[in-house]
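Fold and contact review
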Amino acid sequence: MAPLPAKPAMKERILETADRLFYLQGIRAVGVDTIAAEIGISKRTLYNHFPSKDALISAYLARRFVAPRPSDKSPVEQILGTFDSLERRFSSKDFRGCPFVNAVAELGEDRSVRKAAVEFKESRRLWFRDLLVQLGVAEADALATQLALLVDGSIAQDLVRNDPAMARAAKEAATVLLRNAGVKVGGTSMAAKKRTKKPRHSSIA
């Protein structure tokens, strides 16, 4: 008979529960009492692993700070695939927006929370920039910022409209930005079209 899988360590159980409740219900709305009761432990047990709610919040944000996985796909596919992933995420019933933006909205006066959010957003922007550099884009830094804004804008629009198609609209806008930067996306780049376009000749009557 195969052995039963080991239960996750108590610290991980606490963090998993806090992650779910903080994200779905809000950080301010969920107290350590609620988290402890959800797991079936005492507050003392929880505090043995996380000495304060602030420590638990920091661990929650660190858990959400996941770097993009290495990919064999081309830089263009990776960039545009971001918006495909967003559309799938928007379709999920438990989607509640960006956890870092949510944390700042609730706890913006906390410098450590704001710092974690800025670091996360900047890491994503730099990920775009590195891919754009691979594509030879001249203004990679500026375009990376624009792509990051499209990501955040589509998230905000989906939350307001409850419409996953907002990610598709952002992907179409990203495609235009890439082509305008000379990147070939599913065909000839916009820059290449400009170079090969024949000038119009007007005749004088």
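See the structure printed just above.
Residues numbered from 1 in each chain as written. Predicted model: local features only at pLDDT ≥ 70, side-chain atom pairs only at ≥ 80, totals over all residues. Heavy atoms only, no water.

**Describing unusual backbone geometry**
Here is the rule we go by: Only runs of H or I of at least four residues qualify as helices and only runs of E of at least two qualify as strands under DSSP, and these elements are numbered from the N terminus. Relative accessibility decides the category of a residue: with a 1.4 Å probe and only protein chains considered, values under 20% of the type maximum give buried, values over 50% give exposed, and everything between is partly exposed.
Here the phi dihedral of N162 falls at roughly 55 degrees; this positive angle occurs in a residue that is not glycine. Residue placement: N162 occurs in the loop between α8 (140-161) and α9 (165-180). Classification of N162 as exposed rests on a relative accessible area of 62%.

**Side note on helix α1 (residues 10-25)**
Defined as follows: The length a helix should cover is 1.5 Å for every residue beyond the first. When checking whether two residues touch, look at their non-hydrogen atoms; a contact exists if any pair is within 4.5 Å.
The end-to-end C-alpha separation of α1 is 22 Å, in line with the 22 Å expected for 16 residues at 1.5 Å each. Taken residue by residue, α1 has I14, L15, T17, A18, D19, L21, F22 and Y23 as its buried positions. On its buried face, α1 is in contact with α2 (32-39), α3 (43-49), α4 (53-64), α5 (75-90) and α6 (99-107). Where α1 terminates, the next one or two residues include G26, which has phi positive at roughly 105 degrees.

**Some details on the packing of α1 against α4**
Just so we agree on the cut-off: Structural elements are reduced to axes, namely lines fitted to C-alpha atoms, with helices fitted over the stretch in contact, and the angle between N-to-C directions of any two is expressed from 0 to 180 degrees. Working definition: roughly parallel below 35 degrees, roughly antiparallel above 145 degrees, roughly perpendicular at 65 to 115 degrees, and oblique for all remaining angles. Basically, the charged four are Asp, Glu, Lys and Arg, the nonpolar ten are Ala, Val, Leu, Ile, Met, Phe, Trp, Tyr, Cys and Pro, and anything else, Gly included, counts as polar.
Where α1 contacts α4, the two axes come as close as 10 Å, and the packing angle between them is 85 degrees. Judged by the inter-axis angle, α1 sits roughly perpendicular to α4. Every residue of α4 that contacts α1 at E12, I14, L15, E16, A18, D19, F22 and Y23 is listed here: K53, L56, I57, A59, Y60, R63 and R64. Of the residues that constitute the contact of α1 with α4, the class distribution is nine nonpolar, no polar and six charged.

**Here we look at the pattern of salt bridges**
We apply this condition: Note on definitions: salt bridges are taken to be side-chain nitrogens of Lys or Arg within 4 Å of carboxyl oxygens of Asp or Glu.
Counted under the stated rule, the structure contains 16 salt bridges. Of the charged contacts, one joins R63 and E16 as a salt bridge, the two residues approaching to 3.9 Å between their closest N and O atoms. With R63 in helix α4 and E16 in helix α1, this pair connects stretches of sequence that are 47 residues apart. For R63, a relative accessible area of 32% corresponds to the partly exposed category. Here D19 ties to R64 by a salt bridge, and the two come within 2.6 Å at their closest N and O atoms. In this pair, D19 sits in helix α1 while R64 sits in helix α4, placing the two residues 45 residues apart along the sequence. Note on D19: relative accessible area 7%, which makes it buried. R64 sits in the partly exposed class, given a relative accessible area of 24%. Each of E12, E16, D19, R63 and R64 takes part in a single network of salt bridges with overlapping partners.

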